[in-house]
Number of protein chains: 2
Amino acid sequence: MFQITEGELKYLNEISSEIKYPKGQIIFSTSQKANEVYYIKSGLVKIYRTTSDGRQVSVAIRYPGDFIGLAEVLSNINEREYSAEAMDNVSILIIWKDGFKKMLCEMPEFSEKLIRLMSDRLREAQNTIYDFIMNPIQGRLAILLLTMAERAGDKSEDDIIRVRLRVTQEELACVIGSARQTISSLLNLLKEDGSIQYEGREIVGVNPNKLKLWIQE
Amino acid sequence: MFQITEGELKYLNEISSEIKYPKGQIIFSTSQKANEVYYIKSGLVKIYRTTSDGRQVSVAIRYPGDFIGLAEVLSNINEREYSAEAMDNVSILIIWKDGFKKMLCEMPEFSEKLIRLMSDRLREAQNTIYDFIMNPIQGRLAILLLTMAERAGDKSEDDIIRVRLRVTQEELACVIGSARQTISSLLNLLKEDGSIQYEGREIVGVNPNKLKLWIQE
DNA sequence: CACAAAATGTAATCCAGCCGACAAAATGGA
DNA sequence: TCCATTTTGTCGGCTGGATTACATTTTGTG
């Protein structure tokens, strides 16, 4: 998908400052001014909104190599529509709007790539909508675990993805719009079934082929 | 949101050919070659996928002034991931990939605007995901009717949107991931409630304020 | 090490909304 | 105008999964 080049990263490093956020820290939140974009160097970030009754609803998870906070800046919206929170210890580049827009002008191939990036994200979001309509909870959970493993893990020799995911059931529930208790029992089913492997409270292995059996279509 | 200029439309007219599709006609479908983008001059188009068991799942509805078929072309995907079908009599410009990409190079402000467009669509899709998680069926239906009215209707003197929507319950059901029968009774509730007005089988008026009462958050 | 806080497991209850089945109404061709 | 086809209305039964309510385990912290 989207891959940043050496040159671009160098440019980014010059116009940004690096910040580390500990797990649980909020990077930006709804209705703050949207004056910067962020580039994730390491760690996972969840994009979410807090509802009036206090629940959290996540619409995406972003991984190392992803930009976040892009949509508001590119759409020229003044305020953040979603919040972003570090799901573990996260290292991030902060890039000010003006610098970022200057970069877009000066590096036309980067600008071109950005169109592709937004396009990829749109397709991804549409697929999420599709999956929500098509799949019952188990399917959505399977899809989520699969994508998380693919994006955050290293593919090893056999077809089991080695990974290191420390994510609570509550967080998973927010992403697929479900209840924590339901996730609890489903995860146990997946465990028995060999679709996922735990080590303590950390997911360390994911079997794509077995997981896919839970997914509709 | 996205507004095309006189100049851009003129340019588009030169590199495109206009085609009219009668209601129900398929404009492109899944796994066809993705060699062109389309610009809707009039009419509504649904973007959907047919599942293995024959059901249709819609992920978006596009309106006059929208481009369709963009994502595959901009992402450099070879095959269509979704199908597009005329929801009524539709008039469309077909623009070949090469011509479109040439236009992007020659009109940098257009290219810039396209980034904004994709960004807008991404936000829209994320909001759809959010709504799916937050809202039960009535809420989703209300949101759908509201956006359809806002995009396809003319705002009149009072705060009722005058519109002319000929859409079957089946189609509505596909968009919000529900069953036709459920839509049937909900529409009747909305009718009684004064949220929407029918004339025969056509929705001709929508009351945004009343509709919003059905929406969570 | 002890204790509070966070995360998980489990089970009973309940209900929104899907599904099947059918009747009625509207629409559009011939 | 008539008949086939499409679209809509309605109703009961069934079920996935939310909700409530605890018990148990794990984790971090003074």
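Everything numeric in this text was worked out from a predicted model, so none of it was measured.

Asks: What should I look at first to understand the protein's contact with DNA strand C in this one?
Replies: Close to DNA strand C lie 18 residues; Gln169(A), Arg180(A), Ser184(A), Ile137(B) and Thr182(B) are nearest. Atoms of DNA strand C within 4 Å of the protein belong to the sugar or the phosphate in 62% of instances, the rest to bases. With respect to DNA strand C, the side chain of Ser178(B) contributes an N or O atom lying 3.4 Å from a phosphate oxygen. In this structure, a base oxygen belonging to DNA strand C sits 3.3 Å away from a side-chain N or O atom of Gln181(B). Of all elements in the fold, only helix 7 (180–193) of chain A together with helix 5 (137–152) and helix 7 (180–193) of chain B reach the threshold of two or more residues within the surface near DNA strand C. Here the surface near DNA strand C takes five residues from helix 7 of chain A, the largest share from any one element.

Asks: Can you walk me through the protein's contact with DNA strand D in this structure?
Replies: Taken together, 17 residues form the shell around DNA strand D, and within it Gln181(A), Thr182(A), Gln169(B), Arg180(B) and Ser184(B) come nearest. By atom count, sugar and phosphate contribute 63% of the portion of DNA strand D lying within 4 Å of the protein. Separating a phosphate oxygen of DNA strand D from a backbone N or O atom of Ala179(A) is a distance of 3.3 Å. Mapped onto the surface near DNA strand D, the elements with two or more residues apiece are helix 5 (137–152) and helix 7 of chain A together with helix 7 of chain B. Residue contributions to the surface near DNA strand D peak at five residues, all from helix 7 of chain B. Across the surface near DNA strand D, the residue classes tally to three nonpolar, ten polar and four charged.

Asks: Would you explain the interface of chain A and chain B in this entry?
Replies: How big an interface is tends to be stated in terms of the accessible area lost upon association of its parts. If you look at the interface, chain A gives 40 residues, while chain B gives 40 residues. Both faces considered, chain A and chain B share a buried interface measuring about 3700 Å² in area, 65% of it formed by carbon and sulfur atoms. For the pair chain A and chain B, the number of links is two salt bridges. Of the charged contacts in the structure, one is a salt bridge between Arg123(B) and Glu81(A), with a shortest N-O distance of 2.8 Å.

Asks: Any chance you could explain the packing of aromatic side chains here in plain terms?
Replies: Each aromatic ring pair is described using two quantities: the centre-to-centre distance and the angle formed by the ring planes. Counted under the stated rule, the structure contains ten aromatic pairs over all chains. For the ring pair Phe100(B) and Phe110(B), a centre distance of 6.1 Å and an interplane angle of 85° mean the geometry is edge-to-face. Residue Phe100(B) is located in helix 3 (residues 97–106), and its partner Phe110(B) is located in helix 4 (residues 108–134); the two are separated by ten residues in the primary sequence. With respect to burial, Phe100(B) and Phe110(B) carry one shared label: buried. Taken together through their ring pairs, the aromatic side chains of Tyr39(A), Phe67(A), Phe100(A) and Phe110(A) make up a single cluster.

Asks: Sorry, what's going on with the sheet that holds strand 4 (residues 45–50) of chain A here?
Replies: Strand pairs in the sheet, formed through backbone hydrogen bonds, run parallel or antiparallel to each other. All names here are of chain A. On the basis of which strands lie adjacent, the open sheet formed by four strands has the order 2-7-4-5 and antiparallel pairing. On the outer flanks of this sheet lie strand 2 (26–28) and strand 5 (56–62), each paired with one strand and no other. Sheet twist, expressed as the average angle between the axes of neighbouring strands with direction ignored, equals 35°. Pairing of strand 4 with strand 5, which is carried by six bridges, proceeds in the antiparallel orientation. Note that in strand 5 the partner of valine 45 across the bridge is arginine 62.

Asks: Can you walk me through the nonpolar core in this structure?
Replies: One broad trend across soluble globular proteins is that nonpolar side chains are buried collectively. Ranked by internal contacts, the top residues of the largest apolar core, which has 90 residues, are Phe67(A) and Phe67(B). Among residues more than four places away in sequence, those in contact with Phe67(B) are Phe2(B), Ile4(B), Leu12(B), Tyr38(B), Tyr39(B), Arg62(B), Ile95(B), Phe100(B), Phe110(B), Leu117(B) and Arg121(B).

Asks: Is there a simple way to explain the environment of Leu211(A) in this structure?
Replies: Residue and element names in this part refer to chain A. Its place among the elements puts leucine 211 in helix 8 (residues 208–212). Overall, the relative accessible area of 0% leaves leucine 211 in the buried class. Taking the C-alpha atoms as reference, leucine 211 lies 9.1 Å from aspartate 193; in sequence the two are 18 residues apart. Setting aside residues up to four positions removed in sequence, leucine 211 forms contacts with Ala142, Leu145, Leu146, Leu190, Ser195 and Val206.

Asks: Hey, could you run me through helix 6 (residues 169–176) of chain B in this one?
Replies: Residue pairs spaced three or four apart in an α-helix point in one direction, given the helix's 3.6 residues per turn. All names here are of chain B. Across the eight residues of helix 6, six count as buried, placing the element largely inside the fold. Looking at helix 6, one finds that the buried residues are Glu171, Leu172, Ala173, Cys174, Val175 and Ile176. Two residues or fewer after helix 6 comes glycine 177, characterised by a positive phi angle close to 70°.

Asks: What exactly am I supposed to notice about the sheet that holds strand 4 (residues 45–50) of chain B here?
Replies: Judged by pairing direction, the sheet is antiparallel, and its four strands sit side by side in the order 2-7-4-5 (chain B) without closing on themselves. The two strands at the open ends of the sheet, each matched to only one other strand, are strand 2 (26–28) and strand 5 (56–62) of chain B. Each strand of the sheet is rotated relative to its neighbour by a mean of 35°, with strand direction disregarded. Relative to the sheet, helix 4 (residues 108–134) of chain A contacts strand 4 and strand 5 of chain B, its axis offset from that of strand 5 of chain B by approximately 140°. Lying on the sheet, helix 6 of chain B is in contact with strand 4 and strand 5 of chain B; it crosses strand 5 of chain B at an angle near 90°.

Asks: When you look at the relation of the copies chain A and chain B in this model, what are you seeing that I'm missing?
Replies: In summary, the two copies of the chain are related to each other by a rotation about an axis coupled with a shift along it. By a simple turn and slide, chain A fits onto chain B: the slide is 0.0 Å along the axis, the RMSD is 0.0 Å, and the turn is 180°. This pairing of chains is accounted for by a two-fold axis. Both copies present the same face, since 100% of the interface residues in chain A are matched by interface residues at the equivalent positions in chain B.

Asks: Would you mind going over the pairing of strand 8 (residues 90–96) of chain B with me for this structure?
Replies: Looking down a regular strand, the side chains alternate between one sheet face and the other. Residue and element names in this part refer to chain B. Judged by how many residues are buried, strand 8 sits mostly within the fold: six of seven residues are covered. Pairing geometry for strand 1 (residues 16–21) and strand 8, over six bridges, is antiparallel. Note that in strand 8 the partner of isoleucine 19 across the bridge is isoleucine 92. Pairing analysis gives six bridges linking strand 3 (residues 36–42) to strand 8, with the strands arranged antiparallel. Looking across to strand 8, one finds that isoleucine 40 is bridged to isoleucine 92.

Criteria and cut-off values
Residues numbered from 1 in each chain as written. Chains lettered and ligands numbered in written order. Predicted model: local features only at pLDDT ≥ 70, side-chain atom pairs only at ≥ 80, totals over all residues. Heavy atoms only, no water. Near = heavy atom within 4 Å. Polar contact = N/O pair within 3.5 Å; in protein donor to acceptor, adjacent residues only side chain to side chain. Helix = DSSP H or I, 4+ residues; strand = E, 2+ residues; numbered from the N terminus. Nonpolar A, V, L, I, M, F, W, Y, C, P; charged D, E, K, R; others polar. Contact = heavy atoms within 4.5 Å. Buried area = accessible area lost by both parts, 1.4 Å probe. Salt bridge = Lys/Arg side-chain N within 4 Å of Asp/Glu carboxyl O. Phe/Tyr/Trp six-rings, centres within 6.5 Å; stacked < 30°, edge-to-face > 60°. Buried < 20%, exposed > 50% of the residue type's maximum accessible area, 1.4 Å probe, protein only. Pairing = 2+ DSSP bridges. Axes fitted to C-alpha atoms, helices over the stretch in contact; angles between N-to-C directions. Core = buried A, V, L, I, M, F, W, Y, C linked by side-chain atoms within 4.5 Å. Least-squares fit on C-alpha atoms with pLDDT ≥ 70 in both.

Note that every value here comes from positions in space, so none of it alone points to a role or purpose.
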